[in-house]
Amino acid sequence: METFIPNQKSNSLGGKSGLVKIVVGGVILAALIFAAVWFLVLHKTTTELFKPIAEESSSSFLKKTTVQNPITGEMVADALATSWVNARPLATMIDNHVDARPQSGLIYADVVYEVVAEGGITRYIAFFLSNTPTKIGPIRSTREYYLVLVKELGDAMLMHIGYSPQAQEAIATWPIRSLFVGGADFTRDTTRNVATEHTAYVNGLDLRTLGDKLGWQGNHPFDSWKFKDDVTTYSAQPAATHLEIDFWAKGDYSAVWDYDTNNNSYKRSVGFDSAGKSIPHLDNETKQQISVKNVVVQFAKESAIQNDPKNRLDYVLVGSGSGLIFEDGKVIKATW
């Protein structure tokens, strides 16, 4: 599941001059939500994570799948859920600079939010529950508005390296279960010729071990989204098979999603090559393209933080607003 949160400065779906293109009946959108937060809610669709319900009879399915993943809605057999059913989600801040691609671990996240950090460059906060990879990154700093999402999803543990002044205060006073503040280790992968800030990686299993040492065992119940069976489609809704989400402008940080009818999912691309063709977004370890069940675009108000030397931003994620949900090749208007 992936979520994009764009700003709401205009009637378009992009950031300052970005847009969301929605072509009813065929091609669709450039989503504004991607610019503010990836409240584009993505469900992973790799074979290992999602087995189509239609492959088994309903009686056999119900006997085997008795535990629901509170983030994705996936029903999982008890034996396959023992490692995470009572665990706390692990959140990580992941770099999306051009030099950070392809990233490691995003493909295993249960939900990913994408929001502009500053200068039109987006950053991800990925939540892991059902799968915790051993290599995640590159890891970057956090902002206060990402922390709203951390508290919302089960008071998750958060791995980041550094923070804005506003986030630093929130971590101490809300409080936030910061693994960085708790002494988490990270390693540098210098195999690419890129700046140091794009080289930090973490081991998700080591982070969970540290969380246990810090006394953060156990889960914290939270309100889940409402889910439907994969085989039940919204046939009456407008078709939406191509999404292009330009945050501030069309370019390196545009998110592109193409609907795949074969497995009822959306394949992700990011940015464009010299010929103007979108570039498939791959996982660096598996070399597979990121694919999700749902893309949620959440419109949120963006504002500049006054007198901030690094031109940081703020997004209003508490309250209500409009959104778009893309699933089954359809688009549905929503309110958050």
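Note that the structure is predicted; figures quoted are calculated from it, not measured. (Residues numbered from 1 in each chain as written. Predicted model: local features only at pLDDT ≥ 70, side-chain atom pairs only at ≥ 80, totals over all residues. Heavy atoms only, no water.)

1. A short note on the packing of aromatic side chains
Stage number 1. Enumeration according to the criterion identifies five aromatic pairs in this entry.
Stage number 2. On the basis of an interplanar angle of 80 degrees and a centroid distance of 5.1 Å, the ring pair of Tyr145 and Tyr315 is categorised as edge-to-face. Linking Tyr145 in helix H4 (residues 144-152) with Tyr315 in strand S19 (residues 313-315), this pair joins segments that are 170 residues apart in sequence. When sorted by exposure, Tyr145 lands in the same class as Tyr315, which is buried.
Stage number 3. On the numbers, 5.2 Å between centres and 50 degrees between planes, the contact of Tyr259 with Tyr266 is tilted.
Stage number 4. For Tyr266, a relative accessible area of 0% gives the class buried.
Stage number 5. Taken together, Tyr145, Tyr146 and Tyr315 form an aromatic cluster joined through their ring pairs. (Phe/Tyr/Trp six-rings, centres within 6.5 Å; stacked < 30°, edge-to-face > 60°. Helix = DSSP H or I, 4+ residues; strand = E, 2+ residues; numbered from the N terminus. Buried < 20%, exposed > 50% of the residue type's maximum accessible area, 1.4 Å probe, protein only.)

2. As for the confidence of the model for the protein chain
Caution is warranted with low-pLDDT regions, since their predicted coordinates should not be read in detail.
Stage number 1. In this model, the protein chain carries an average pLDDT of 84, and 80% of its residues clear a pLDDT of 70 or more.
Stage number 2. Below pLDDT 50 for its whole length, residues 8-59 participates in 250 contacts with residues either more than four positions away or in separate chains. (pLDDT = per-residue confidence, 0-100. Contact = heavy atoms within 4.5 Å.)

3. Points about the environment of Tyr145
Stage number 1. We classify Tyr145 as buried; its relative accessible area is 2%.
Stage number 2. Tyr145 sits 172 residues away from Leu317 along the chain, and the two C-alpha atoms are 7.0 Å apart.
Stage number 3. Residue contacts for Tyr145: discarding those within four places in its chain leaves Val115, Val116, Ala117, Leu313, Asp314, Tyr315 and Leu317.

4. Some thoughts on the side chain of Asp189
Stage number 1. One can find Asp189 in the loop between strand S10 (187-188) and strand S11 (200-201).
Stage number 2. In terms of polar contacts, Asp189 uses its side chain to reach the side chain of Thr191, at 2.6 Å. (Polar contact = N/O pair within 3.5 Å; in protein donor to acceptor, adjacent residues only side chain to side chain.)

5. Observations concerning the pairing of strand S5 (residues 90-95)
Stage number 1. For S5, the tally of buried residues reaches six of six residues, placing the bulk of the element in the interior.
Stage number 2. Along S5, one buried face is formed by Leu90, Thr92 and Ile94 and the opposite face, lined by Ala91, Met93 and Asp95, is buried too.
Stage number 3. Bridging between S5 and strand S7 (residues 121-128) involves six bridges; their strand directions are antiparallel. Across the sheet, residue Ile94 finds its bridge partner in S7, namely Tyr124.
Stage number 4. In terms of strand pairing, S5 meets strand S8 (residues 157-159) through three bridges, oriented parallel. Paired with Thr92 across the bridge in S8 is Met159. (Pairing = 2+ DSSP bridges.)

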